[in-house]
Amino acid sequence: MRADDKGYKDSGRMMAGQDLVAAGYAGLAGIRILVKARREELEKRFAADYLEDLIAEDGGSVLLQNAKYRMSLGVAECEPAGEGGILSAVWSLTGACRLGVEFSLRRIPVRQGVIEISELWGINPYRLYSGGCWLMASDNGGRLVHDLREKGIAAAVIGGITTGIARVITDGGERSYLNRPQPDELERVFPDWKRESALNALAENGGSDVIENG
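We now turn to the structure provided with this report. Per-chain numbering applies: the sequence of each chain, read as written, is numbered from 1 onward. Only residues with pLDDT of 70 or above have their local features reported here, since the model is predicted, and side-chain atom pairs are shown and tallied only from 80 upward, although totals for entire chains, interfaces and linings are computed over all residues. Side-chain numbers here rest on the full set of heavy atoms in the structure, without hydrogens or water.

### So, the side chain of S104
As a reminder of what qualifies: In this text, helices come from DSSP runs of H or I with a minimum length of four residues, and strands from runs of E with a minimum of two, each type numbered from the N-terminal end. The contact definition used throughout considers only heavy atoms, calling two residues in contact when any of these lie within 4.5 Å.
With respect to the secondary-structure elements, S104 resides in the loop between strand 3 (100-103) and helix 6 (112-121). Non-local contacts of S104, meaning those with residues more than four positions away in its chain, are made with I158, T170 and D171.

Here it is in structure tokens:
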């Protein structure tokens, strides 16, 4: 059961039969970090305006950080997709509730720019830092998606919660199983991304504390 900084909590009643909804764009936050860090390199392959659009898009909404708001949408339980990407969030959400899931990667909202830049470096956008993206279980995923889209938040029903503990990926008529969380894909092309992100945030806040690497 997740609470926000005001103490509001989700219902904590995630159960088999509920829909699994993804809100926000998978991997977008990670690509924004890469664009800012490797801008000169990327501008050799992509138009500057194209990259600027990716930087400007936050891919999520501060509204979803508010548990009272999520509850008003009928969210039973949720998990933010941060480090390790949306696949790490799937693992964490279902593991915490000791339930299984069947879902489709193809249904997860993802920007074309995220896919193209990920392909350039050979990284998996679904295991890429996804701050601003959320996974949510709901009795009525269709209604939840409708309400989120009305607020300008990309969202889709990507699967459903099941009994047992299996985490099944269903795409193209084939079934496979989700592996345990792996290191964030950012580390493959930008090993110092945690340090750089922390330093940038510190500078924006006017601080001067020392940030440890990693």
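### As for the sheet that holds strand 2 (residues 75-81)
Formally: Being paired, for any two strands, means DSSP has found at least two bridges between them. Geometry is summarised by axes, namely lines fitted to C-alpha atoms with helices restricted to the contacting stretch, and by angles between N-to-C directions that run from 0 to 180 degrees.
Spatial strand order, 2-4-1-5-3-6-7: seven strands in an open sheet with mixed pairing. Looking at the sheet topology across the chains shown, the edges are occupied by strand 2 and strand 7 (174-177). With direction set aside, neighbouring strand axes in the sheet form an average angle of 25 degrees. As judged from the six bridges shared by strand 2 and strand 4 (residues 133-138), these two strands associate in the antiparallel manner. For A81, the partnering residue across the bridge sits in strand 4 and is C133. Helix 5 (residues 85-97) rests against strand 1 (19-23), strand 2, strand 3, strand 4 and strand 6 (167-171) of the sheet, and its axis sits at about 140 degrees to strand 2.

### A few points about the pattern of salt bridges
Any two side chains of opposite charge can pair if their charged atoms end up close together. Here is the rule we go by: For this analysis, a salt bridge means a side-chain nitrogen from Lys or Arg found within 4 Å of a carboxyl oxygen belonging to Asp or Glu. Type-normalised accessible area, obtained with a 1.4 Å probe on protein chains alone, sets the label of each residue: buried when under 20%, exposed when over 50%, and partly exposed for intermediate values.
Counted by the stated rule, this structure contains seven salt bridges. A salt bridge links R39 to E43; its shortest N-O distance comes to 2.9 Å. Judged by its relative accessible area of 23%, R39 falls in the partly exposed class. What makes E43 partly exposed here is its relative accessible area of 39%. The shortest N-O distance in the salt bridge between E52 and R39 comes to 3.0 Å. Separated by 13 residues along the polypeptide, E52 in helix 3 (residues 48-56) and R39 in helix 2 (residues 39-42) bring together distant segments of the chain. Residues participating in the shared-partner salt-bridge network are R39, E43 and E52.

### What about helix 5?
Counted only if it meets this: The span expected for a helix works out to 1.5 Å for each residue beyond the first.
Taking 1.5 Å as the rise per residue, helix 5 with 13 residues should run 18 Å; its terminal C-alpha atoms sit 19 Å apart, in good agreement. Regarding helix 5, the residues found buried are G85, I86, L87, S88, A89, V90, W91, L93 and T94. Elements that come into contact with the buried residues of helix 5 comprise strand 1, strand 2, strand 3, strand 4 and strand 6. Positive phi shows up at R98, right after helix 5, with a value of about 55 degrees.

### A word on the nonpolar core
Which entries qualify depends on this criterion: Put simply, buried Ala, Val, Leu, Ile, Met, Phe, Trp, Tyr and Cys residues joined by side-chain atoms within 4.5 Å make one nonpolar core.
Core analysis: the largest hydrophobic core is formed by 23 residues, its most contacted members being L20, I86, F103, L135, I158 and I161. Mapped by element, the contributors of at least two residues to this core are strand 1, helix 5, strand 3, strand 4 and strand 5 (155-162). Looking at this core element by element, the count peaks at six residues for helix 5. Apart from the residues lying within four places of it in its own chain, the contact partners of L135 are L20, V21, A22, E77, C78, E79, I86, A89, V90, L93 and I158.

### Focus on the packing of helix 1 (residues 28-37) against helix 6
Keep this limit in mind: Any angle that is under 35 degrees is reported as roughly parallel, and any over 145 degrees as roughly antiparallel; angles of 65 to 115 degrees are reported as roughly perpendicular and all others as oblique. Whether a crossing is left-handed or right-handed is set by the direction in which the near helix is turned from the far one by less than a right angle, anticlockwise for left-handed and clockwise for right-handed.
Here helix 1 crosses helix 6 at 60 degrees, and the two axes come no closer than 10 Å. One element, helix 1, and the other, helix 6, form an angle in the oblique class. Considering only the axes of helix 1 and helix 6, their crossing is left-handed. Across the interface between the two elements, L28, I31, L34 and V35 of helix 1 pack against V114, I117, S118 and W121 of helix 6.

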